[in-house]
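Per-entry structural report
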Amino acid sequence: MLQFRFSTALEKLFHSSRQRPLTDVVRRKGSVPEPPCRRSSSAHVPRASGIKSLRCGGARAPSHASPPWSRALCTKAEGAIEPSEPGKKDEAVQEAAADKRRKAGILPSLEDLLFYTIAEGQERIPAHKFITALKATGLRTGDPRLKECMDMLKVTLKTTSDGVMLDRHLFKKCVQSNIVLLTQAFRKKFVIPDFMSFAAHIDKLYDKAKNLSGGQVADYIPQLAKFSPDLWAVSLCTVDGQRHTVGDTKVPFCLQSCVKPLKYAIAVHDHGTEYVHRFIGKEPSGLRFNKLFLNEDDKPHNPMVNAGAIVCTSLIKQKASNAEKFDYVMNFLKNMAGNEYVGFSNATFQSERESGDRNFAIGYYLKEKKCFPEGTDMTSILDFYFQLCSIEVTCESASVMAATLANGGFCPITGERVLSPEAVRNTLSLMHSCGMYDFSGQFAFHVGLPAKSGVAGGILLVVPNVMGIMCWSPPLDKLGNSVRGIQFCQDLVSLFNFHNYDNLRHFAKKLDPRREGGDQRQHTSFGPMDYESLQQELALKDTLWKKVSPTESNEDSSTTVVYRMESVGEHS
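Residues numbered from 1 in each chain as written. Predicted model: local features only at pLDDT ≥ 70, side-chain atom pairs only at ≥ 80, totals over all residues. Heavy atoms only, no water.

1. Points about the pattern of salt bridges
All told, the structure shown has 15 salt bridges when counted by the stated rule. A salt bridge links Asp 194 to Lys 188; the nearest nitrogen and oxygen atoms lie 3.0 Å apart. Looking at Asp 194, the relative accessible area reads 21%, which means it is partly exposed. Take Lys 188: its relative accessible area is 9%, and that puts it in the buried class. (Salt bridge = Lys/Arg side-chain N within 4 Å of Asp/Glu carboxyl O. Buried < 20%, exposed > 50% of the residue type's maximum accessible area, 1.4 Å probe, protein only.)

Put into C-alpha cells, the structure is as follows:
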C-alpha cells in the first residue's frame, strides 16, 4: 500500500521554508483569510471531509461561531481552479501563485500532496499508476462521485504526447474536482483503512465456503430450479463506497424474500412507523414463513413473513395503478443501488403467479380478517407482490442496497438520501429478529447482524455503520437459507468483531478492520497544542513549528496557515 511520503524535492522545499524567519509572514490579528467554505448538511454530505485551518505558534486561526454539530466544508482546496475558468490562467501564473504561497510559509495544496504521494520522487507519473493506487483504497474508477475526475483524466491523456504520462500540473487539473474524496482515500480515512488486507481475508472466507456441497436448489418455483448449484458470489460495499467482489457477482438473480425488508422500508419512509404497524406486528412468529396464521390482534406477526409482506405491499402507493406502483418501487431500489443493475424477470413473475396457491390462500385469509387498508383489491395486490419478488439484482448492486441501509439511508456511492433514519432503524431491527425464517434466533445469536434471506439463494447482510454485503448461492438448507451464505456469515463474524455484542475494547481475539494496522485509528482534534499530531498526519519528517505553551502563546506571534482534512460525518 502506498504511504504518504514526500519527495526529495518537497523536503528541500520545506527546508527552505523553515530557513525563512516567521517574522517575514507575520500579519495583524484576524488578517488570515479563511478558505471559501459552506456549512455542511447531513442531507447532502453524509460522509465527506472538510478543510480546517490552524495557526502555528499556539494560536487558532479566527473562525466564525457555529453550532457544535456542524463543521466547515471547503468545496475545493486552496489554489484549485474552478472548472468554469477555461484554461484561463496559464501555467506560469499558476506556478507564480504557488511559489508565493510557499514563500509565505503555506503548505502545498492537497493536489500537490496527492501527486507527491503517488509519484514517489518522480517528475511525472503514468496514469495507470494513479488508477492502481486508487483501486487499492477500495474505490472504483466507475464510482459516480469520481466521474468528473475520470472524465477529465481521459480528456487530458488525449492531449499528452504519449497518452500515458501526467506531470504535476496535468495531474492537478484531473483531480481538483474530487480532491476531498481522493485525499480521504489515500490518507486511509475510510471506514476500512487497510482495504487490500481486508479484501484478502474476504477471499479466503469465500474459498472456504465454496467447498461446501450440501443443500438443494429451490424447485417449487420452476424458474428458480434452473440455476446451477455451483454458482457462488460475495459482494460488499462499505459506507464510504469501498467495493470488493468475488465469484459470480454479475449473474442476475431474483430478490424473492430479500425484497421484503426493502419494501417495508419504503412503506415506513412514506407513511411512518405508526401507520404501517396499524396493519402489521413486530414479533417473530416462530412459524414457517408461509403459514396461514395471524397474531392475537388478527394482524400478521411481522413484515418478513409472507402474510406481513403481502399486507406491506398493499400500503405502497395505495391510490395508484400496479404499473405506477411498480415503477415507483423500481426507482426507489435503483436509488438505493446507486443506479446499478436492478431488473425484472417476467418469466419468474409468471412462474410465481402460476404456482402461488399458498399465497392466494394467505391473501383470502387476510381479506377475511380485514387486514388490508379499506378499498384494497386483494388479487391486484398479489400480482404486485409477485412482481416485487421477481425483481432482479446482481450481487454487486444488492451490496450497495445493503450499504445504503448500513449508512443510515444514504447511498454510499451517490451521497443521496434515499430512506429516512426511522425507516432504516425499524428495518434493521426487524431484519435482526425476523429476517432468517426459522433460523432467525440462531442467526441473531451466532452472527448478531441484521440479515434477510431469500429462496433464490441470496442473503442480504448489514454491518451497521460499516458495510453492506450480499452473498448468493442457490443451494438451500432445510430452513430455506443459502448453505454457503450461512457459512460465510458465520465465518465472517468469527474472524472480525462485527457481531453486535462483540466488545470493541476487550474482545481481543478478533480482528477489527476499522483499525489501521491493528492500532486504534486516531481522531485528533484541532487545538493550539496539536502541532505534533498535525505533523504526523502530514507525514513530515522534520519539525516545522515551535511548540508554544498556552501561557507563552501570543495570537499575533504567527499567522502561518496549514490545512488538514477532517471528517464532517461524525456529528451529522
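Having seen it, we continue.
2. Topic: the environment of Lys 129
When you line up the elements, Lys 129 lands in helix H4 (residues 127-136). For Lys 129, a relative accessible area of 25% puts it in the partly exposed group. Linking Lys 129 and Ile 118, residues 11 residues apart in sequence, is a C-alpha distance of 7.7 Å. Dropping the residues within four chain positions of it, Lys 129 is found in contact with Ile 118, Ala 119 and Glu 120. (Helix = DSSP H or I, 4+ residues; strand = E, 2+ residues; numbered from the N terminus. Contact = heavy atoms within 4.5 Å.)

3. Structural notes on the confidence of the model for the protein chain
Any residue range with low pLDDT should be treated as having predicted coordinates unsuitable for detailed reading. Confidence in the prediction for the protein chain averages 79 pLDDT; 70% of positions are at 70 or higher. This model gives residues 1-86 a pLDDT under 50, and the stretch forms 191 contacts once residues within four places in sequence are excluded. Every residue in residues 538-572 is under pLDDT 50, and counting partners more than four places away or in other chains gives 113 contacts. (pLDDT = per-residue confidence, 0-100.)

4. Section: the environment of Cys 489
Mapped onto the fold, Cys 489 is located in helix H19 (residues 483-495). A relative accessible area of 0% places Cys 489 in the buried class. Through-space distance from the C-alpha of Cys 489 to that of Gly 448 is 9.9 Å; in sequence the pair is 41 residues apart. Excluding residues within four positions of it along the chain, Cys 489 makes contact with Phe 443, Val 447, Ile 459, Leu 461 and Cys 471.

5. Observations regarding the pairing of strand S13 (residues 458-463)
Each regular strand carries side chains that alternate between the two faces of the sheet. For S13, the buried fraction is high: six of the six residues fall into the buried class. Direction of pairing for strand S12 (residues 451-453) relative to S13: antiparallel, over a ladder of three bridges. Looking at the pairing, Ala 451 lines up with Leu 461 of S13. Turn length for the S12-S13 hairpin, with the two strands adjacent in sequence and antiparallel, is four residues, and the turn residue Gly 457 shows positive phi of about 110°. Here six bridges tie S13 to strand S14 (residues 467-472), and the two strands are oriented antiparallel to one another. Within S14, the position partnered with Ile 459 by the bridge is Cys 471. (Pairing = 2+ DSSP bridges.)

6. Some words on the packing of helix H9 (residues 260-271) against helix H12 (residues 322-336)
Where H9 meets H12, the closest approach of the two axes is 11 Å, and the angle between their N-to-C directions is 100°. As the angle between them shows, H9 and H12 are arranged roughly perpendicular. Contacts from Leu 262, Ile 266, His 269 and Asp 270 of H9 reach H12 at Tyr 328, Val 329, Phe 332, Leu 333 and Met 336. Tallied by class, the residues present in the contact of H9 with H12 amount to seven nonpolar, one polar and one charged. (Axes fitted to C-alpha atoms, helices over the stretch in contact; angles between N-to-C directions. Parallel < 35°, antiparallel > 145°, perpendicular 65-115°, else oblique. Nonpolar A, V, L, I, M, F, W, Y, C, P; charged D, E, K, R; others polar.)

7. What about the sheet that holds S12?
The strand order S8-S7-S14-S13-S12 describes an open sheet built from five strands, whose pairing is antiparallel. At either end of the open sheet lies a strand with only one pairing partner, and these are strand S8 (243-247) and S12. If you compare each strand with its neighbour and ignore which way they point, the axes differ by 10° on average. Strand contacts of helix H8 (residues 195-210): strand S7 (233-238), S8 and S14, with the helix running at about 25° to S8, the strand carrying the most contacts.

8. Some points on the packing of aromatic side chains
Within this structure, the stated rule accounts for 18 aromatic pairs. When the centroid spacing of 5.4 Å and the interplanar angle of 85° are considered together, the rings of Phe 130 and Phe 171 count as edge-to-face. Here Phe 171 lies in helix H6 (residues 168-175) and Phe 130 lies in helix H4, a separation of 41 residues in the sequence. The same class applies to Phe 130 and to Phe 171, which are both buried. (Phe/Tyr/Trp six-rings, centres within 6.5 Å; stacked < 30°, edge-to-face > 60°.)

9. Here's the deal with the sheet that holds strand S10 (residues 342-344)
What the three strands build is an open sheet, ordered S9-S11-S10; its pairing is antiparallel. Unpaired on one side and paired on the other, strand S9 (253-254) and S10 mark the two borders of the sheet. Two elements, S10 and strand S11 (residues 391-393), share three bridges in a ladder whose sense is antiparallel. Among the inter-strand pairings, Gly 343 is bridged to a residue of S11, identified as Glu 392. H12 rests against S10 and S11 of the sheet, and its axis sits at about 150° to S10.

10. Section: the state of the cysteines
Applying the stated criterion to the full structure yields zero disulfides. Lacking any disulfide linkage, Cys 237 is separated from the closest cysteine sulfur, that of Cys 411, by 7.2 Å. Judged by relative accessible area, Cys 411 falls into the buried class, the value being 0%. (Disulfide = S-S within 2.5 Å.)

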